[in-house]
Structure formats: structure tokens, C-alpha cells
Amino acid sequence: MKKTEICIPAFNEAQIITEAAHAVLRVFRETGKEAAVTVSDNASTDGTADIARGIKGVSVISISARGKGAAVIAAARHSSADFFGFIDADLSADPADIISLLSLVERGESDIAIGSRLLNSGTVQRGIFRTLSSKAFNMLRKLTV
């Protein structure tokens, strides 16, 4: 059986890390699939790592470098899973979508699967402020690259 690992990169996410981890664990439990869930603590100062260590079924790695990319890369390097993915701690994407993306890779229909909440076909419900601020941020990001 092939192993799956989902990373939740986290920087100062003490208030939401439990909910995020439980949501990912629940999706796998409800679909009868197994996955390791790893919180990659990104030099948090609010106790995120300690809280995550108390969540049954979750492992934690702590890194001193800042940045989501550094957290995901560290978790990927640490992983021995056949399939590796990540989801943001704020659950801006629906954890249930992991199963659909994972299925594509498991069946060999794709080598990689990437979900994006920026696609028009997305089903994530967000308020107008969050939608506008996300679009503004992405426009600024494109201008600076």
C-alpha cells in the first residue's frame, strides 16, 4: 500500500491549527483512506508546535527558517511517503478536494496535481472582502515578478 502525507505549513497558527489538522484527518477517515498529517512549524512564537504535538494522528517538525516554501520543502525532505501534498492552515481550500487530486495521481492519470482557489471553477465560498483582497494581492504579486 502506498503512503500519503499531507503537510500543513504553519506560522503562528495556534488558534486554527487544531481545526485544520482535524479537518484533514476527518477527510481521510471518512473516505477510508490513510494519510500521515505533518504540521511543519515555521518558527512560530505562539505555541503552534506545542498545540499540534497534542493532536492525535499528527506529527510535527519544527524549522527555524521562515516562509511557507521553506516549511513545505522541509516536510517534503523529511517525508518517506509515496504521495506528498500540502494545504494551508487557514483551509482556504477545501480539504475534501485533496482526495480528488490524490486520486488522479494514484491512478497514474497525472504525475502532479495542483489545486487552486483562484480558478473560476472553484467551489470555496469566500466573502467579498476576502475575494477582493486576494485578487488585489495576486495582481500586485504579478507586477513585482
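Residues numbered from 1 in each chain as written. Predicted model: local features only at pLDDT ≥ 70, side-chain atom pairs only at ≥ 80, totals over all residues. Heavy atoms only, no water.

Asks: Looking at this structure, I do not really get the nonpolar core. What am I missing?
Replies: One recurring pattern in soluble globular proteins: nonpolar side chains tend to sit buried together. With 26 residues, the main nonpolar core has Ile8, Ile17, Val24, Phe28, Val39, Val58 and Ile87 as its most contacted residues. Only β1 (4–10), α1 (17–31), β2 (36–42), α2 (48–53), β3 (58–63) and α4 (97–106) provide two or more residues apiece to this core. Each residue touching Ile8, except ones within four places of it in the same chain, is listed here: Ile17, Ala20, Ala21, Val24, Val37, Thr38, Val39, Ser40, Ile87, Asp88 and Ala89. (Core = buried A, V, L, I, M, F, W, Y, C linked by side-chain atoms within 4.5 Å. Buried < 20%, exposed > 50% of the residue type's maximum accessible area, 1.4 Å probe, protein only. Helix = DSSP H or I, 4+ residues; strand = E, 2+ residues; numbered from the N terminus. Contact = heavy atoms within 4.5 Å.)

Asks: Quick question: what am I supposed to make of unusual backbone geometry here?
Replies: The backbone of Ala43 shows a phi angle near 65 degrees, a positive value even though the residue is not glycine. Mapping Ala43 onto the fold places it in the loop between β2 and α2. The phi dihedral of Leu91 falls on the positive side, at around 50 degrees, and the residue is not glycine. If you trace the backbone, Leu91 turns up in the loop between β4 (83–86) and α4.

Asks: Hey, could you run me through the pairing of β1 in this one?
Replies: Within a regular strand, the side chains alternate between the two sheet faces. With respect to burial, β1 is a largely interior element, seven of its seven residues being buried. Burial along β1 is two-sided: Thr4, Ile6, Ile8 and Ala10 and Glu5, Cys7 and Pro9, pointing in opposite directions, are all buried. Summarising the sheet, β1 and β4 pair through four bridges and their orientation is parallel. Paired with Glu5 across the bridge in β4 is Phe84. With six bridges connecting them, β1 and β2 associate as parallel partners. Note on β2: the bridge partner recorded for Pro9 is Ser40. Following the backbone out of β1, through α1 and into the adjacent parallel β2, one traces a crossover that is right-handed. (Pairing = 2+ DSSP bridges. Right-handed = clockwise from strand over helix to strand, strands pointing away.)

Asks: Sorry if this is basic, but what is going on with the side chain of Glu5 here?
Replies: Relative to the assigned elements, Glu5 resides in strand β1. Within the buried set, Glu5 has no salt-bridge partner at all; the shortest N-O distance to an opposite charge, 7.5 Å, is to Lys3. Within polar-contact distance, the side chain of Glu5 engages the side chain of Thr38 at 2.5 Å. Every residue in contact with Glu5, bar those within four places of it in the chain, is listed here: Ala36, Thr38, Ser79, Ser80, Ala81, Phe83, Phe84 and Gly85. (Lys, Arg positive; Asp, Glu negative; His and termini not counted. Salt bridge = Lys/Arg side-chain N within 4 Å of Asp/Glu carboxyl O. Polar contact = N/O pair within 3.5 Å; in protein donor to acceptor, adjacent residues only side chain to side chain.)

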